[in-house]
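Single-letter residue listing:
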Amino acid sequence: MKIVQRIRNVLTITCQDVNFLSASNIEVYVKQDGFFASYVPTVLDATSVSVTIPLADAKRLNDRHTVKIQFALTNTNGDPMASNVLELTVREFLKEAGYGT
């Protein structure tokens, strides 16, 4: 018998100023010097989305630099929108994404 456990690393983003249920083309961006990733999140409710951060991506982050996180979407009027950039330490980011303690 073989048992494989996969760690699920989910980052939840909440924003009171957006209705994710009526938005389209939602993307979450993670950026650091020499690293950029774009993820398509799962809409949880009107104010929250979740995104899985792959372990391979988490391992590429340099803990000497901060991580910048932003989301973008298209609103119900068809206008593109982007959030402010949130900057976290790698430790904070990985803890939120489920990798840290």
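Structure shown above.
Residues numbered from 1 in each chain as written. Predicted model: local features only at pLDDT ≥ 70, side-chain atom pairs only at ≥ 80, totals over all residues. Heavy atoms only, no water.

### Side note on the sheet that holds strand β5 (residues 48-52)
Okay, so step 1: Reading across the sheet, the three strands line up as β1-β5-β4 and stay open at both edges, with antiparallel pairing between neighbours. Looking at which strands have only one partner, the edges of the open sheet turn out to be β1 (10-14) and β4 (42-45). For this sheet the average axis-to-axis angle between neighbouring strands, irrespective of direction, equals 30°. (Pairing = 2+ DSSP bridges. Helix = DSSP H or I, 4+ residues; strand = E, 2+ residues; numbered from the N terminus. Axes fitted to C-alpha atoms, helices over the stretch in contact; angles between N-to-C directions.)

### Side note on the nonpolar core
Okay, so step 1: Core analysis: the largest hydrophobic core is formed by 25 residues, its most contacted members being Phe20, Tyr39, Leu61, Val67, Phe71, Leu73 and Phe93.
Okay, so step 2: Those elements that place two or more of their residues in this core are β1, β2 (24-32), β3 (35-39), β5, β6 (66-74) and α2 (90-97).
Okay, so step 3: Element by element, the count of residues in this core is highest for β6, at four residues.
Okay, so step 4: Not counting residues within four places of it along the chain, the set of residues in contact with Phe20 comprises Cys15, Ile26, Val43, Asp45, Ala46, Thr47, Ser48, Val49, Phe71 and Leu73. (Core = buried A, V, L, I, M, F, W, Y, C linked by side-chain atoms within 4.5 Å. Buried < 20%, exposed > 50% of the residue type's maximum accessible area, 1.4 Å probe, protein only. Contact = heavy atoms within 4.5 Å.)

By themselves, these figures tell us nothing about what the structure is for.
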